[in-house]
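Here's the letter readout for the chains.
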Amino acid sequence: MNQDVLDLLKGHTKLSQVGKMEFISTGCYALNKIITGRYHEGIPVGGIVQLRGGSSTGKTLFATTFMSSAQKAGWYVKMLDAESTFSPAWGEMLGIDSKTLLYSTPDSLEVAFGDVDKTVSQIREHDKKTPIMLVIDSVAVLPTQEEMDRETITTSTNTDGARRALIFGGLLRKMNSKLKKNRATLVVINQIRNKIISNPHANPETTAAGGKALEFYLSVDLQTISNKTSNVLKDGKIPIGIEGRIKAMKNKLGVPFRECDFKVIFDEGLDPFWGLEELLSEDGMIAISSSGRRSVGDIAFKKNSISEVLFDPALNNPELTKIREMFEITL
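Here is what the cut-offs are and how they apply
Residues numbered from 1 in each chain as written. Predicted model: local features only at pLDDT ≥ 70, side-chain atom pairs only at ≥ 80, totals over all residues. Heavy atoms only, no water. Salt bridge = Lys/Arg side-chain N within 4 Å of Asp/Glu carboxyl O. Buried < 20%, exposed > 50% of the residue type's maximum accessible area, 1.4 Å probe, protein only. Helix = DSSP H or I, 4+ residues; strand = E, 2+ residues; numbered from the N terminus. Phe/Tyr/Trp six-rings, centres within 6.5 Å; stacked < 30°, edge-to-face > 60°. Pairing = 2+ DSSP bridges. Contact = heavy atoms within 4.5 Å. Core = buried A, V, L, I, M, F, W, Y, C linked by side-chain atoms within 4.5 Å. pLDDT = per-residue confidence, 0-100. Arc of directions from axis to C-beta. Polar contact = N/O pair within 3.5 Å; in protein donor to acceptor, adjacent residues only side chain to side chain.

Asks: Even after reading the chapter, I still don't get the pattern of salt bridges, so can you show me in this structure?
Replies: Pairing between side chains becomes possible if they bear opposite charge and their charged atoms approach one another. Using the criterion set out here, one finds 12 salt bridges in the structure. Between Glu41 and Arg38 there is a salt bridge, with its nearest N and O atoms 2.4 Å apart. The exposure class assigned to Glu41 is partly exposed, which follows from its relative accessible area of 25%. The partly exposed category is assigned to Arg38, whose relative accessible area is 39%. Across the pair Glu282 and Arg258 runs a salt bridge whose closest N-O atoms are separated by 2.7 Å. With a gap of 24 residues between them, Glu282 in helix H9 (residues 276–282) and Arg258 in the loop between strand E11 (238–251) and strand E12 (259–265) connect regions that are remote in the sequence.

Structure (structure tokens):
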């Protein structure tokens, strides 16, 4: 390399000097895999993650599972409950420690991001290193302070959406660098709604908050997809959970647009092993025939029953042992 290039390098950060990125598990091995390409690492330290989807598609439940994983790893965790609907009892069933969970109910975008800023600063005054996770549920319901200060709730203008996006973008620009510097991760929940369109071939879906501003700052953008026919029923009648798919619409940590199945039981949370079979097949750890038959070595099993195989002490072979070791399963 010539001297001119060496001189240019002085004072610059070399790629080899950049610290290794840290992660926390999402609580779902398949979701970890489609985000980072690894089964045990999912949510990045210092990034912004969006969970978006229609109503009752598991967004808050995914976020709660993220928070539970972070708490178990010793992180500081805060829920900014803009909808004022978070249930401590329900959270505890999903593994949340209510005694150490920080909690607030912001009433505007500016208040929410100010709360994030203040919380990170307060923690860093006493603890310089431990990662922080903050969840806003949801940005879709938060008005701007300008909207809040109007005399009547019926007052609106044609530029409200543009103003909201402009304010949201400004808040994100400021917060993005602070999160990275302070090892803090922000998870924002957003809603997908249908816009009125005249073109029947156009996509009617739109996120409810932020316009395009939020998308530019995201490390990962996850969309949950489910519907009423995806209910998990007890005795064929009583809904106890949902099944669906989750897709990485944007992914700076791995391959984008990958997706996997998920299963949620309302009083238990995410099934950590659901959706794994296709991914394990891609890695050559199980076989899936053209007819859909699954097998690990000489052990055959039904679709979506890999967890039953993994935890059955009567089943053993070298291929199964390798998978159990990977997921740290001891019987």
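Asks: What's the story with unusual backbone geometry in this structure? I'm lost.
Replies: Among all residues except glycine, the phi angle is most often negative; among peptide bonds, the trans geometry is most common. The residue after Asp137, namely Ser138, is reached through a cis peptide bond having omega -5 degrees. Relative to the helices and strands, Ser138 is located in the loop between strand E6 (132–137) and helix H6 (145–148). A positive phi angle is found at Ser84, which is not glycine, with a value near 50 degrees. As for its position among the elements, Ser84 is in the loop between strand E4 (76–81) and helix H4 (88–93).

Asks: How do you make sense of the packing of aromatic side chains when you look at a structure like this?
Replies: To describe a pair of aromatic rings, one takes the distance between the centres and the angle between the planes. Under the defined criterion, the tally for this structure stands at eight aromatic pairs. A centroid spacing of 5.7 Å and a plane angle of 70 degrees characterise the contact between Phe113 and Phe168, whose relative ring orientation is edge-to-face. Within this pair, whereas Phe113 is found in helix H5 (residues 109–126), its partner Phe168 is found in helix H7 (residues 160–181), the two being separated by 55 residues in sequence. According to the relative accessible area criterion, Phe168 is buried, its value standing at 0%.

Asks: Explain the pairing of strand E3 (residues 48–53) here, please?
Replies: Looking down a regular strand, the side chains alternate between one sheet face and the other. In terms of burial, E3 is a largely internal element, six of the six residues being buried. Going residue by residue along E3, you find Ile48, Gln50 and Arg52 tucked away on one face and Val49, Leu51 and Gly53 tucked away on the opposite face as well.

Asks: Would you mind going over the pairing of E12 with me for this structure?
Replies: Counting buried positions along E12 yields five of seven residues, so the element is predominantly enclosed. For E11 and E12, the ladder comprises seven bridges, and the chain directions are antiparallel. Opposite Ile246, over in E12, you have Cys260 as the bridge partner. For E12 and strand E13 (residues 269–270), the ladder comprises two bridges, and the chain directions are antiparallel. By the bridge assignment for E13, Val264 is matched with Leu270. The antiparallel hairpin formed by E12 and E13 contains three residues in its connecting segment.

Asks: What exactly am I supposed to notice about the side chain of Asp137 here?
Replies: Here Asp137 lies in strand E6. Apart from the residues within four sequence positions on either side, Asp137 is in contact with Thr60, Met79, Leu80, Asp81, Ala82, Glu83 and Ile189.

Asks: Can you help me understand the nonpolar core in this one?
Replies: A general trend in soluble globular proteins is that nonpolar side chains are found buried together. Leu31, Leu51, Phe66, Met67, Met133, Leu222 and Phe327 are the most contacted members of the largest nonpolar core, which has 56 residues in total. Ranked by residue count, the leading element in this core is helix H3 (residues 59–72), at six residues. Once residues lying within four places of it in the same chain are set aside, the contact partners of Leu51 are Lys59, Phe62, Ala63, Phe66, Val187, Val188, Ile189, Asn190, Leu222 and Ile246. In this structure, Ile48, Ala112, Ile132 and Leu186 belong to the second largest nonpolar core, which totals 26 residues.

Asks: How do you make sense of the confidence of the model for the protein chain when you look at a structure like this?
Replies: The predicted coordinates should not be examined in detail at positions where pLDDT is low. Chain-level statistics for the protein chain give a pLDDT mean of 87 and a share of 85% at 70 or above. Averaged pLDDT values for the elements of the protein chain fall to 53 in strand E8 (residues 205–207) and rise to 98 in E4. A low-confidence stretch, residues 196–204 stays under pLDDT 50, and its non-local contacts, those more than four residues away or across chains, total seven contacts.

Asks: What am I meant to see in helix H11 (residues 318–326) here?
Replies: Structural remark: α-helix, 3.6 residues per turn; residues separated by three or four positions point the same way. The complete set of buried residues in H11 reads Leu320, Ile323 and Arg324. Down the axis of H11, the buried side of the element spans an arc of 100 degrees, and every buried residue falls inside it. Facing away from the buried side of H11 by more than 90 degrees, the exposed set consists of Pro318, Lys322 and Glu325. Those residues of H11 that are buried lie in contact with strand E15 (294–296), strand E16 (299–301) and helix H10 (306–310).

Asks: Quick question: what am I supposed to make of the environment of Asn251 here?
Replies: Summarising the element assignment, Asn251 is placed in strand E11. Judged by relative accessible area, Asn251 falls into the buried class, the value being 9%. Taking C-alpha positions, Asn251 is 8.6 Å from Leu222, a pair spaced 29 residues apart along the chain. The residues touching Asn251, leaving out its near neighbours within four places in the chain, are Ile34, Ile35, Ser219, Val220 and Pro256. In this structure the side chain of Asn251 is engaged in a polar contact, spanning 3.3 Å, whose partner is the backbone nitrogen of Gly254.

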